[in-house]
Every structure is written in structure tokens, then in C-alpha cells.
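Coordinates in review
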Amino acid sequence: MNLPPELRCVTHQQPLHKSHSDLACPNGCAIPIINSIPRFVSSENYADAFGRQWNKFRKTQLDSHTGTTISKDRLQHCLGGSLDVIKGKSVLEVGCGAGRFTEVMLKAGARVFACDLSSAVEANYENCRDLSPDYFICQADALKLPVAPQSFDFVVCIGVIQHTPSPEQTIAALARYVRPGGTLAIDHYPPDYPLTRSRAITRKLLLKLPPRAAHELALTLARVLVPIHRLTWNNRRGVWRVRRWLAKHSPLVDYYGVIAIPPDLLAEWAILDTHDTLTDYYKHVRTIEQIEECLRACGMIDVTAYYGGNGIEARATRPASPARIDMQQPVKIEL
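Parameters and conventions
- Residues numbered from 1 in each chain as written.
- Predicted model: local features only at pLDDT ≥ 70, side-chain atom pairs only at ≥ 80, totals over all residues.
- Heavy atoms only, no water.
- Core = buried A, V, L, I, M, F, W, Y, C linked by side-chain atoms within 4.5 Å.
- Buried < 20%, exposed > 50% of the residue type's maximum accessible area, 1.4 Å probe, protein only.
- Helix = DSSP H or I, 4+ residues; strand = E, 2+ residues; numbered from the N terminus.
- Contact = heavy atoms within 4.5 Å.
- Phe/Tyr/Trp six-rings, centres within 6.5 Å; stacked < 30°, edge-to-face > 60°.
- Polar contact = N/O pair within 3.5 Å; in protein donor to acceptor, adjacent residues only side chain to side chain.
- Arc of directions from axis to C-beta.
- Pairing = 2+ DSSP bridges.
- Right-handed = clockwise from strand over helix to strand, strands pointing away.
- Axes fitted to C-alpha atoms, helices over the stretch in contact; angles between N-to-C directions.
- pLDDT = per-residue confidence, 0-100.
- Patch = residues over 30% accessible without salt bridge, like charges linked within 9 Å, V, L, I, M, F, W, Y side chains within 5 Å.
- Areas by Shrake-Rupley, 256 points an atom, 1.4 Å probe, with all protein chains shown as cover.
- Salt bridge = Lys/Arg side-chain N within 4 Å of Asp/Glu carboxyl O.

Remarks on the nonpolar core
Leu92, Val94, Val155, Leu184, Ile186 and Leu295 are the most contacted members of the largest nonpolar core, which totals 43 residues. Top element by residues in this core is helix 6 (residues 167-176). It accounts for five residues. Beyond its immediate sequence surroundings of up to four residues, leucine 92 is in contact with Phe113, Cys115, Leu145, Phe152, Phe154, Val155, Val156 and Tyr177. Core analysis: the second largest hydrophobic core is formed by 25 residues, Leu75, Val104, Ala110 and Val112 among them.

Here it is in C-alpha cells:
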């Protein structure tokens, strides 16, 4: 295990070192290493459904598995159009999931410190551990990461912030990890996020169940609906009317005509994203203006926000000179 120089004890901000089966700090803190991954938090938390999801669909969205550049293109767009900007740079990836973007960044030559609140770190480790010696992963909370403040060239958080208890607090925490002159790249669901009535009702019912039961029921429902949807995955005359009806009334997330991948893989994506849509504990939406305001309130400059990817993508820079703002104060945004 190569310990990155940015790694710190969450409590004492002291460098950590390997000690038997733990990471230890000079003040006596011990962080367990389980299955080769340091665990700063327990897996029992609001992100539990994501952990189950990504360990079950470990390779589904990896470009190396799909034979596409879907993940690469999305990351590239979020970073401003080129992956060259992260070559040889230190990148903190928060909410790394199974590693669809971790894989791309490592192959682009970045030194990646990946973390996730859920047990998805196990899927990420299996997918990415052999890609580069400049890879480190741990299970940790975005609000209390084991890293030195203002120490990364890039902080990347894609597909995550809308699923946290407070998007504003999460963005403020992410901004604290960006070095002077460095870049924060994020995305967020927009106000017109397509949560149809059928999905909203199903999600409301599933969230009342124990997490494991909700997980199994969401998967079962998706698997039942996929064959029905597959009957419409063609261009026969009039079939578009059936597809339109299903899009309105079925809770399945159907990407036919949106993502160009083989039918079996398309079905796998449908099951995965239906589970994702129906079991996430938090689902926030924000406007471009709210995201921009939050980034500026965090002391960031050169703020750019626009519609793209899964909704709104945004980038911002930490000033090269210290910003006159107390980054420990909570960020308040009028909703």
C-alpha cells in the first residue's frame, strides 16, 4: 500500500503510517485496514444502497467493460474538454463508486486518491488496484476526509452531491481540499430531473423498508420490467407509442435510443440505474444559480456552471492567494 503524502489523521491532522493491520497516527489513533482498504467510517450509513449496488454491478459502467467512451466523455466534459489537465496531477475523487471515473483518470496519468462513504470502495479496489501505483482508496466521509486541507490539484465529485444530506455543506467541504490555484469539478441534478410519478411513488414506498429488502425489491422490479421494455427496443411501426407510454408509466430507467450499447448491456444498465433511482436516501435538485452562489460563497473564483452530463456541471478555482473567508463556517443558500 502506497500512502499518499496528503493522507492525514481525521482527528489530529497528523500523517499516518502503516502499522500491522492498521493505519496509525503519532497521537495513538488506529484506523482498521479491511480487505486492503483503510476504513475511516462504518459501512452502515445512508449510502448503504450504493455500496450494495456497486458491488453487484462492479463492471457495468466501466469503459473497459462496455467498449465505449461514455465515462471518459462525461469526465472530460466536466473537466472542461480535455483529460490532459490531470496528467501528472494529484486528484481527489470523492464518491468514487465502482471506479468508472477512477479508471479513466488513472489511465490519463493522474495520481488518484479515491474515497467513498459506502462499501463501493471494494468494487473500486478490485477494478482499479492494478492500473497504476499512483492509486489509493479508502472508505471515508466527504465532510471529514483524511487529507490535508488545500492539498490537491483537482477535486472531482461526479454523481454524488445530490445524494448527500446537504449539497451546500458537501460543496463547502470539497472546496477545502483544493490547493491554491487548483480546480474543483462537480455535477448536480437540476430542477427538471426526470423523476416520473411512477418512480417517485415506488421510491417513497421502498424507502420505508429495511435497506436490504428495498435493495432486493428494486432489483426484482427492474428485472421483471426489462423484458417488457425489450419488446419495444426496435423500430417497428407504431412501437414508439408503446415506448412513450412505458416512459411515462413504468419506473424502469430505459436508455434505449440514448446509449448505443448492445441490448444485454443496455438491460444491465437499466437494472442498475433503476435501482439507483429508487433506493437513494437523498435526492436533491439545484439550479445553476444556486450552484454558482454556493461555489462563490466557498471562496472559489472563475466559476463556470452549465447544463451537461447528468444535469448541471460546474468548475471553479481556489484563488492562488488566500481568500478572506472562514471556510469552517456553514454555507447557507436560499432555496
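After presenting the structure, the write-up continues.
Section: the packing of aromatic side chains
Pairs of aromatic rings are described using the distance from one ring centre to the other and the angle between the two planes. Scanning all chains against the criterion turns up seven aromatic pairs. Ring geometry for phenylalanine 113 and phenylalanine 136: centres 4.9 Å apart, planes at 55°, overall tilted. Taken together, the residues phenylalanine 113 in strand 6 (residues 111-116) and phenylalanine 136 in strand 7 (residues 135-139) connect sequence positions 23 residues apart. With a relative accessible area of 4%, phenylalanine 136 lands in the buried category. With a centroid separation of 4.9 Å and 80° between ring planes, the pair formed by tyrosine 281 and tyrosine 282 is classed as edge-to-face. An aromatic cluster of at least three residues, connected via ring pairs, comprises Tyr46, Tyr281 and Tyr282.

Some details on the side chain of serine 198
On the secondary structure map, serine 198 appears in helix 7 (residues 197-206). Residue serine 198 is classed as buried on the basis of its relative accessible area of 15%. Among the polar contacts listed, one links the side chain of serine 198 to the side chain of threonine 196, at a separation of 3.2 Å. Looking at serine 198, its side chain comes within polar contact range of the main-chain oxygen of serine 250, at 3.4 Å.

Let's talk about helix 7
Buried within helix 7 we find Ser198, Arg199, Thr202, Arg203 and Leu206. In a view along the axis of helix 7, the buried residues occupy a sector of 125°, so they form one face of it. Residues of helix 7 that are exposed and point over 90 degrees away from its buried face: Arg197, Lys204 and Leu205. Check the buried side of helix 7 and you find it contacts helix 8 (211-230), helix 9 (239-249) and helix 10 (263-279).

Regarding the pairing of strand 10 (residues 301-308)
Of the strand pairs in this sheet, strand 10 and strand 11 (residues 311-317) are connected by six bridges, and their pairing is antiparallel. Across the sheet, residue glycine 308 finds its bridge partner in strand 11, namely glycine 311. Hairpin connection between strand 10 and strand 11: a loop of two residues separates the two successive antiparallel strands, and glycine 309 in this loop has a positive phi of roughly 60°.

Side note on the pairing of strand 6
Here is the key point about a regular strand: its side chains alternate between the two faces of the sheet. For strand 6, a buried count of five out of six residues is recorded, marking the element as mostly surrounded by other parts of the structure. As paired strands, strand 5 (residues 90-94) and strand 6 are joined by five bridges and run parallel to one another. Considered in strand 6, the bridge of valine 91 is made with valine 112. In this view, the connection linking strand 5 to its parallel neighbour strand 6 by way of helix 4 (residues 100-107) has right-handed handedness. Here five bridges tie strand 6 to strand 7, and the two strands are oriented parallel to one another. Opposite alanine 114, over in strand 7, you have isoleucine 137 as the bridge partner.

What to know about the environment of lysine 144
With respect to the helices and strands, lysine 144 occurs in the loop between strand 7 and strand 8 (152-157). In this structure the C-alpha to C-alpha distance between lysine 144 and leucine 219, which are 75 residues apart in sequence, comes to 32 Å. Aside from chain neighbours lying at most four places away, what touches lysine 144 is Val10 and Tyr177.

Examining the sheet that holds strand 5
Read across the sheet, seven strands follow the order 7-6-5-8-9-11-10 without closing on themselves; strand pairing throughout is mixed. One side of each edge strand has no neighbouring strand; the edge strands of this open sheet are strand 7 and strand 10. Across the sheet, the mean angle separating the axes of adjacent strands is 15° when strand polarity is ignored. Strand direction decides the pairing type here: strand 5 and strand 8, joined by three bridges, are parallel. Bridged to glutamate 93 within strand 8 is valine 156. Each of strand 5, strand 8 and strand 9 (178-188) is contacted by helix 6, which is oriented at about 150° to strand 9, the strand it contacts most.

Quick word on the environment of proline 227
Looking at the secondary structure, you find proline 227 in helix 8. Take proline 227: its relative accessible area is 45%, and that puts it in the partly exposed class. The spacing of proline 227 and glycine 182 is 45 residues in sequence and 47 Å in space, taken between C-alpha atoms.

Observations concerning the confidence of the model for the chain
Across the chain, the average pLDDT comes to 93, with 96% of residues at or above 70. Confidence drops under a pLDDT of 50 for residues 323-331, and excluding neighbours within four residues, the segment shows 15 contacts in the predicted structure.

Overview of a nonpolar patch on the surface
A cluster of nonpolar side chains, contributed by Tyr46, Leu207 and Tyr281, occupies part of the molecular surface with about 270 Å² of accessible area. Here tyrosine 281 lies in the loop between helix 10 and helix 11 (288-297). Classification of tyrosine 281 by relative accessible area gives partly exposed; the value is 48%.

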